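Here are the chains, one letter per residue:
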Amino acid sequence: MEKPRPLWDNPLQFVFACISYAVGLGNVWRFPYLCQMYGGGSALLSCYLAKPSGEGKKKKVLMAVGQRMRRGSIGAWKMISPYLCGVGVASVVVSFFLSMYYNVINAWAFWYLFHSFQDPLPWASCPLNSNRTGYEAECARTSPTQYFWYRRTLNIAPSMEASGALQWEQALCLTLAWLVVYLCILRGTESTGKVVYVTASLPYCVLIIYLIRGLTLHGAVNGLIYMFTPKLEQLANPKAWISAATQIFFSLGLGFGSLIAFASYNEQSNNCERHAIVVSLINSTTSIFASIVTFSIYGFKATFNYESCMNKVILLLTNAFDLEEGSLTADNLGAVRAHLQAAHPQQYAELLPQLRNCSLEAELDTAVQGTGLAFIVYSEAIKNMEVPQLYSVLYFFMLLMLGIGSMLGNTAAILTPLTDSRFIATHLSKEVVSGLVCFVNCVIGLIFTMEAGNYWFDIFNDYAATLSLLLIVLVETIAVCYVYGIRRFEKDLHTMIGHKPSWYWKVMWAFASPLLIISLFIFYITDYILTGTLQYQAWDATQGQLVTKDYPGYALAVIGMLVAASTMCIPLGALLTLLWRWLRRE
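Because the structure is a prediction, the values reported are computed rather than measured.

*Asks:* Lay out the packing of aromatic side chains in plain terms, naming residues and giving numbers.
*Replies:* In total, this model carries 35 aromatic pairs according to the counting rule given. Between Trp123 and Phe396, the ring centres sit 6.1 Å apart and the planes meet at 75°, which makes this aromatic pair edge-to-face. Here Trp123, found in the loop between helix H6 (85-115) and helix H7 (137-141), pairs with Phe396, found in helix H19 (residues 388-420); they are 273 residues apart in sequence, far enough to count as distant. On the basis of relative accessible area, Trp123 is assigned to the buried category, the value being 0%. Between Tyr210 and Tyr391, the ring centres sit 5.9 Å apart and the planes meet at 75°, which makes this aromatic pair edge-to-face. Placement of Tyr210 in helix H10 (residues 189-215) and of Tyr391 in helix H19 is noted, with a sequence separation of 181 residues between them.

Here is the structure:
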């Protein structure tokens, strides 16, 4: 007899699991970056707030599919139509790619967390050179936080061609990260259901602490003014709207198979409609909340850098022209510089290369996303706070909770279809299957701990789950509406939630969702074509900055394989099913 399917202890566990999965690192670093890119948060927030209910419709569909079929992604789509088995396989492949590199972020968070207990923080100042006569040359050309990230953490190679050696410290941190994930998923919903209470709630506690501290920082108001000051011309920029839709699309985790996997452990009578809307709204609200925290800290960092720049210029001019101490201030700096230039043109011209043009607006305009925001900008701000060790520990612990919460969903998308297989369930226990998945991911993930590993990380982050994910969700939406049938699906929802969905939901499922996904797909294809040769940012230690380089041929081949490996599963699955049925008739 088939074993009864495990269930969540209560509906709240399912909601917390979805929140823990959906609210991740993208809310902390991707959304604030988009706010900064497109003319302040208000311009993008108007786009973002228009989306939650619309994107919730896709979330509702996927939750309902998992809850109704009570299978992982492969089994659920195969039950809808045998020709759709490739859709489930494609979701598993994308989740596998995501797990391979995503846990590296948790490894970096562990690395920074361990170093956060030092006094002073190791990224607070540059280390001395071997002769102890000055600072390390590379650090002197950049900043202590960038040096710690690129040299001490990544020990980054100058290009992809120089793959370099394995960094054993990062390899150990990655092993620890996978061990933590394994312990969290060891017993399936029995263990995951307990962990999600922590991974879903603790980040909010840390964000609240950071909000209180951030709002009291000098210059925080500058960051918030920048965030909420609209540049209305950006509303006419289609990229702003596309970026808003793309952000929430990927933030909700559509197409990975995680939502189907989580929902498959629900009772049939669970109200998936209410949960889909709640999770979508919480996800959107968290992005805004995290942006307020980020921009308050960003304002503090920008103000600190601006005032430091001004003080250096004032000191330089005071010493060079023997001015009375205190006579030169930030308020009269412009007028005094103009006077000195007119009165002492030759001396001023000799000094000019050392005089920086200090601008608060320029500091705020510097857009940084991804790992740069998480590990460079935040650590730069933290080192200038009082009791920096405390805020450093809190911040990187929060990153760990967000990362582990997302990894629970990623691994569930892989493990649920595997444990649903009768062959695997008969021969291997759930603990062994979980261990094998974690072990394989960990071994392959060691690539990202090499000296050129960060470049491979960027490739997986940019290309492993973009075009392929859009195609998967498009096929899923069409499959539910036009293969399974909107009326049949409507009856299933009535059975599960007690009422039929309104006409709004049906219009969104059948028409709006496919049109939105096709629009995003066309935008990405057009953007790739117009971009031309794909390039990446490499760290140049001699200049102390990032430089742009073309991807080598083998990297382009890997990019093509990443996209094809998942997307080709859909037609191949249908073709193999057709061939199998034809052979059985013979």
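*Asks:* Can you explain the pairing of strand E1 (residues 535-540)? Please cite residues and give values.
*Replies:* Along any regular strand the residues' side chains alternate between the sheet's two faces. Bridge count between E1 and strand E2 (residues 545-550): six bridges; the pairing is antiparallel. Within E2, the position partnered with Ala538 by the bridge is Val547. Hairpin connection, E1 to E2: the antiparallel pair is bridged by four residues, and Gly544 has positive phi, about 70°.

*Asks:* Describe the environment of Gln354, naming the residues involved and giving the relevant values.
*Replies:* As for its placement among the helices and strands, Gln354 is situated in the loop between helix H16 (345-351) and helix H17 (360-365). Overall, Gln354 belongs to the exposed group, its relative accessible area being 52%.

*Asks:* Residues and numbers for the environment of Ser406, please.
*Replies:* The residue Ser406 is located in helix H19 in this model. For Ser406, a relative accessible area of 4% translates into the label buried. Along the sequence, Ser406 and Ala22 sit 384 residues apart, while their C-alpha atoms lie 6.9 Å from each other. Beyond its immediate sequence surroundings of up to four residues, Ser406 is in contact with Ser20, Tyr21, Gly24 and Tyr102.

*Asks:* Which residues make up the nonpolar core, and what values go with them?
*Replies:* Counting 163 residues, the largest nonpolar core has Val65, Trp77, Tyr210 and Phe375 as its most contacted members. Counting residues per element, this core draws most heavily on H6, which supplies 19 residues. Residue contacts for Val65: discarding those within four places in its chain leaves Arg70, Ala76, Trp77, Ile80, Ile260, Val480 and Phe489. Core analysis: the next-biggest nonpolar cluster, separate from the first, contains 13 residues, Val313, Leu317, Phe321 and Leu351 among them.

*Asks:* Give a detailed account of the packing of helix H22 (residues 453-463) against helix H25 (residues 553-567), specifying residues and quantitative values.
*Replies:* Look at H22 against H25: their axes get within 10 Å of each other, and the N-to-C directions meet at 35°. When you trace H22 past H25, the crossing you get is right-handed. Contacts between H22 and H25 involve Trp456, Ile459, Phe460 and Tyr463 from the former and Tyr554, Ala555, Val558, Ile559, Leu562 and Val563 from the latter. Across the contact of H22 with H25, the residue classes break down as ten nonpolar, no polar and no charged.

*Asks:* I'd like a rundown of the side chain of Arg213, residues and numbers included.
*Replies:* By the element assignment, Arg213 lies in helix H10. Every residue in contact with Arg213, bar those within four places of it in the chain, is listed here: Glu386 and Tyr391.

*Asks:* How would you explain the UniProt feature "binding site: Na(+)" (unreviewed entry) in the protein chain if you had to name every residue and give the values?
*Replies:* Feature annotation in UniProt places "binding site: Na(+)" (unreviewed entry) on Ala22, Val23, Asn27, Ser251, Asn283, Leu402 and Ser406, given in this structure's numbering. Of the residues just listed, which span 385 residues, no C-alpha pair is farther apart than 12.8 Å, and they cluster in one region. Examined against the element boundaries, Leu402 turns out to sit in helix H19. Apart from residues lying up to four places away in sequence, Leu402 is in contact with Ser20, Val23, Gly24, Leu25, Val28 and Pro203.

*Asks:* Please provide a residue-by-residue account of the packing of helix H5 (residues 73-80) against H6, values included.
*Replies:* Direction vectors running N to C along H5 and H6 enclose 165°, while the axes themselves pass 7 Å from each other. The orientation of H5 relative to H6 falls into the category roughly antiparallel. The element H5 and its partner H6 pack so that their crossing is right-handed. Across from Ser73, Ile74, Trp77 and Lys78 in H5, the residues of H6 making contact are Cys85, Val87, Gly88, Val89, Ser91 and Val92.

*Asks:* Explain the state of the cysteines residue by residue, including any values.
*Replies:* Taken as a whole and assessed by the stated rule, the structure comprises two disulfides. One disulfide bridge connects Cys126 with Cys139, the sulfur atoms lying 1.9 Å from each other. In this structure, the disulfide formed by Cys126 and Cys139 twists by about -80° around the S-S bond and is classed as left-handed. Here Cys126 is found in the loop between H6 and H7, whereas its partner Cys139 is found in helix H7, with 13 residues between them in sequence.

How each quantity is defined
Residues numbered from 1 in each chain as written. Predicted model: local features only at pLDDT ≥ 70, side-chain atom pairs only at ≥ 80, totals over all residues. Heavy atoms only, no water. Phe/Tyr/Trp six-rings, centres within 6.5 Å; stacked < 30°, edge-to-face > 60°. Helix = DSSP H or I, 4+ residues; strand = E, 2+ residues; numbered from the N terminus. Buried < 20%, exposed > 50% of the residue type's maximum accessible area, 1.4 Å probe, protein only. Pairing = 2+ DSSP bridges. Contact = heavy atoms within 4.5 Å. Core = buried A, V, L, I, M, F, W, Y, C linked by side-chain atoms within 4.5 Å. Axes fitted to C-alpha atoms, helices over the stretch in contact; angles between N-to-C directions. Left-handed = near helix turned anticlockwise from the far one by under 90°. Nonpolar A, V, L, I, M, F, W, Y, C, P; charged D, E, K, R; others polar. UniProt positions renumbered as here; feature names shortened; annotations may be inferred. Parallel < 35°, antiparallel > 145°, perpendicular 65-115°, else oblique. Disulfide = S-S within 2.5 Å.

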